[in-house]
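Spelled out from the first residue to the last, the chains are:
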Amino acid sequence: MKTGWDYEYFAFKKRNLQEQLEKTENIKQRKKIEEDIDLCDYLTTILLFSTGETIDSDITMKQFVEEIYQQDFSYPIPVVEQEKIDEITLSFLKLPKLKIERAITSISATDSIQIVGDFIKDQFHEKHYQLYKDIFMDHSHYVLFDPNTDLSNVVSLDGEMLVRIKKSNDMEMLSSIAHEMGHLYRMSNNSQMIFTNFYREYESFFYEFHLLLWLIQNHIYRKEATNRFLQLFDIVEKVSYMRYCIQNYQLNQIASSKQFTEKINQFHLRRDLHFRKNQDLFDLYITALGMDFQTYFHSFMAVLNHMDDFDRYEQVIKGIKNRNESTIQAKILTKNKNSYQSYVEYRSMLQNLS
Ligand SMILES: [Zn+2]
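Note that this is a predicted model, so its numbers are computed, not measured. What you see as residue numbers is a count from 1 along each chain, following the sequence as written. pLDDT decides what is reported in this predicted model: residues at 70 or higher carry local features, side-chain atom pairs at 80 or more are listed and counted, and totals for whole chains, interfaces and linings draw on all residues regardless.

Peer 1: Account for the sheet that holds strand E3 (residues 160-166), naming residues and giving values.
Peer 2: Note: two strands are recorded as paired if DSSP finds a minimum of 2 bridges between them. Numbering of helices and strands runs from the N terminus, with a helix taken as a DSSP run of H or I at least four residues long and a strand as a DSSP run of E at least two residues long. The strand order across the open sheet formed by three strands is E1-E3-E2, and the pairing between neighbours is mixed. If you trace the sheet from one side to the other, it starts and ends with strand E1 (143-146) and strand E2 (153-157), each paired once. Each adjacent strand pair in this sheet contributes to an overall mean axis angle of 20°, direction not counted. Where E2 meets E3, five bridges bridge the pair, whose relative direction is antiparallel. From the neighbouring strand, Val-154 faces E3, where its bridge partner is Val-163. To obtain an axis, a line is fitted to C-alpha atoms, over the contacting stretch when the element is a helix, and the angle between two such axes runs from 0 to 180 degrees between their N-to-C directions.

Here you go:
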């Protein structure tokens, strides 16, 4: 199965948009069309990078990465009571250290697409599978497997949804397909609210966690799926801990990984986070600073609390459309205690499996 964005598609889209622009007078509509034209150029640049072609452009790699970073994290950050996060973070630190093995089994893009398709067919309603098939199987030009990126994401271009998956040929790649499918499902229901709600990662974790559990239960790449699941727990704990340090020990002004490590040691705060080198620690610091972590954190907890309930997913996706964000947020916070309990249970269940 051939997958990949293609130049002709972007060129065609761009010509189309330019024609639309000529015929449009409404300022708001013009702005939207102009943004989509920029997006065409931007996606073409990503495609050039991913195929390793020479780029005839004045954009540097650094600018490029910064641009992606900004684009991805530009939605509003909800305000959540800090004590609640701190309380849970400190409980994390009391949990036994996670043991995670590095999985080395290679999994191809073709197999990954097939497996996620089988999972969706088996577990979700038919309309989920139809959407998945449309994007991942029937329209190869909607999906790019990109070896030169650290993140997977989705964008909407003039009403069509495009996906980029980090090409690592392993369980991370497989589970990222499911993760992005969660975003796509909501976008297909509600394209107006792509980055603006509290439950943004709920939709994707729901897919991803269920996929991993389904793989484990069906003995498909069982070990790899278990380790990937544990890895996600590990990321949440590390980033949460890092956020805690940043907020409570005024670590915002750090300039280098070396300085950060010194500071952490000075406060005797460094739990054994098993980092290979200073750079990893600093990367985590940058992630914790830039990421909309509260969204990530609460979504993670909420999904673990809903693992038996597929109808809940549909309700939440509908709720995003109708309810206002602070209501949803308040609801999750009152359920924090249950969620944490589920978190601990899944964590130890997975650790025993691995
Ligand atoms: Zn996501």
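Peer 1: Lay out the pairing of E1 in plain terms, naming residues and giving numbers.
Peer 2: Here E1 shows a buried face lined by Val-143 and Phe-145 and a second buried face lined by Leu-144 and Asp-146. Pairing analysis gives four bridges linking E1 to E3, with the strands arranged parallel. Residue pairing in the sheet places Phe-145 in a bridge with Ile-165 of E3. Burial is judged by counting other C-beta atoms within 10 Å of a residue's own C-beta: 20 or more means buried, 12 or fewer means exposed, and anything between counts as partly exposed, with every C-beta placed from the backbone.

Peer 1: So what's going on with the nonpolar core? Residues and values would help.
Peer 2: Working definition: the nonpolar core is a set of buried Ala, Val, Leu, Ile, Met, Phe, Trp, Tyr and Cys residues, joined through C-beta atoms within 7 Å. Val-116, Ile-135, Val-163, Met-181 and Val-303 are the most contacted members of the largest nonpolar core, which totals 58 residues. Here this core gets nine residues from one element, more than from any other, and that element is helix H8 (residues 200-217). Annotation comment: domain bounds sourced from an automatic or database domain assignment. Of the domains in this structure, domain 1 (7-72) and domain 2 (82-107 + 194-353) are the two that each give at least three residues to this core. Once you skip the residues sitting within four places of it in the chain, Met-181 turns out to touch Val-116, Tyr-132 and Tyr-207. By the convention adopted here, residues are in contact when the distance between their C-beta atoms, placed from the backbone, does not exceed 7 Å.

Peer 1: Break down the packing of helix H5 (residues 109-123) against helix H7 (residues 171-189) for me, citing the residues and quoting the values.
Peer 2: With their axes 9 Å apart at the nearest point, H5 and H7 run at an angle of 50° to one another. Considering the angle they form, H5 stands oblique to H7. Handedness of the crossing formed by H5 with H7: right-handed. Within the contact between the two elements, H5 uses Ser-112, Ile-113, Ile-115 and Val-116 and H7 uses Met-173, Leu-174, Ile-177, Ala-178 and Met-181. When residues are grouped by polarity, Ala, Val, Leu, Ile, Met, Phe, Trp, Tyr, Cys and Pro land in nonpolar, Asp, Glu, Lys and Arg in charged, and all others, Gly among them, in polar. Its residues placed into classes, the contact of H5 with H7 shows eight nonpolar, one polar and no charged. Throughout, the term roughly parallel applies to angles under 35 degrees, roughly antiparallel to angles over 145, roughly perpendicular to angles from 65 to 115, and oblique to all others. It is the rotation of the near helix from the far one that decides the hand of a crossing: anticlockwise by less than a right angle makes it left-handed, clockwise makes it right-handed.

Peer 1: Give me the environment of Lys-99: which residues, what numbers.
Peer 2: In this structure, Lys-99 sits in the loop between helix H4 (82-94) and H5. Taking the number of C-beta atoms within 10 Å as the measure of exposure, Lys-99 has 11 and is therefore exposed. Through-space distance from the C-alpha of Lys-99 to that of Asp-234 is 9.4 Å; in sequence the pair is 135 residues apart. When neighbours within four sequence positions are excluded, Lys-99 is seen to be in contact with Gln-351 and Ser-354.

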